[in-house]
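One letter stands for each residue in the lines below.
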Amino acid sequence: IDSGALDTVYAFKSLLQSHNRLAGKVKLLFCSTGSSSADVRQAVVDLQLEEHVFFLNPSDAGNKMIVGNQLSPLVAACDALIHSPLAPSNGSPQRFLDTTYDILCGLACGLTVVSNGFGWVGEFAGRFYRTFAGGNIHSLSRSLFEAIEKRDKLANVRRAAFKAVENELAFGQAADEFQKIIVNALSGPEVQDANSSDGLFEQIEKTIHGKQYIDAIQL
């Protein structure tokens with residue numbers, strides 16, 4: 001429920017009803033539906049979407065099954081990745097609101113992220129393409145239609161988002177720094193003279209103020 005999965009089913013049904021020519025040509029893939037699994041699958045049956053909706057590794061044999069090693073070619077064929085978490089409750093975000101890993105994987109594969117704007121992921125995606133109204137299935141349906149119909153335009157959106165990820169997150173630098181931390185941690189701490197502990201803490205504070213975080217961690 002937190003991921004807005006049930007809303008997505010109804011939005012997909014609205015898409016097919018509004019654009020009959022897409023029937024049989026578009027598919028919706030759920031890569032895990034979490035706590036809402038039973039509700040989502042029942043909605044798929046009630047809305048007669050069994051031929052259009054797939055589940056990745058369903059737990060029961062009654063649904064079509066797509067095995068895990070088929071995910072990569074499926075992702076390569078996708079038009080959009082839907083990011084539709086529920087709105088924060090009283091200002092407090094829902095659990096797993098951002099699904100950071102999934103979104104970064106989608107961007108890395110060159111997918112357009114269709115988002116309702118919630119969480120940092122939604123804010124990030126909203127910088128490159130307009131968001132849909134959270135909880136509004138018709139708004140989501142229109143966004144999905146554009147993701148299908150405006151592939152050429154959205155290619156530019158994807159390139160801009162991927163470039164921003166490369167520039168802002170600096171994966172290479174983060175990996176190098178993390179490797180240094182692991183190596184230093186495995187080498188074991190040096191035994192310090194008890195009398196020098198105060199001086200050591202002062203040195204740590206100085207390195208932090210100087211933004212020399214790796215040196216501070218080593219100390």
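Residues numbered from 1 in each chain as written. Predicted model: local features only at pLDDT ≥ 70, side-chain atom pairs only at ≥ 80, totals over all residues. Heavy atoms only, no water.

On to a nonpolar patch on the surface, then. Taken together, the side chains of Phe178, Ile182 and Leu186 define a hydrophobic patch exposed on the protein surface, amounting to about 350 Å² of accessible area. Inspection of the secondary structure puts phenylalanine 178 in helix H8 (residues 171-187). (Patch = residues over 30% accessible without salt bridge, like charges linked within 9 Å, V, L, I, M, F, W, Y side chains within 5 Å. Areas by Shrake-Rupley, 256 points an atom, 1.4 Å probe, with all protein chains shown as cover. Salt bridge = Lys/Arg side-chain N within 4 Å of Asp/Glu carboxyl O. Helix = DSSP H or I, 4+ residues; strand = E, 2+ residues; numbered from the N terminus.)

With that settled, consider the pattern of salt bridges. Following the criterion strictly, the structure yields two salt bridges and no others. The partner of glutamate 149 in a salt bridge is arginine 21, with the nearest N and O atoms 3.2 Å apart. Residue glutamate 149 is located in helix H6 (residues 137-149), and its partner arginine 21 is located in the loop between helix H1 (5-18) and strand E1 (28-30); the two are separated by 128 residues in the primary sequence. The exposure class assigned to glutamate 149 is partly exposed, which follows from its relative accessible area of 39%. Arginine 21 gets classed as partly exposed once you look at its relative accessible area, which sits at 48%. For the salt bridge of glutamate 146 with lysine 150, the shortest nitrogen-to-oxygen distance reads 3.9 Å. Since its relative accessible area comes to 16%, glutamate 146 is described here as buried. Relative accessible area serves as the criterion here: at 32%, lysine 150 is assigned to the partly exposed category. (Buried < 20%, exposed > 50% of the residue type's maximum accessible area, 1.4 Å probe, protein only.)

Read these as layout, nothing more, since geometry by itself doesn't imply function.
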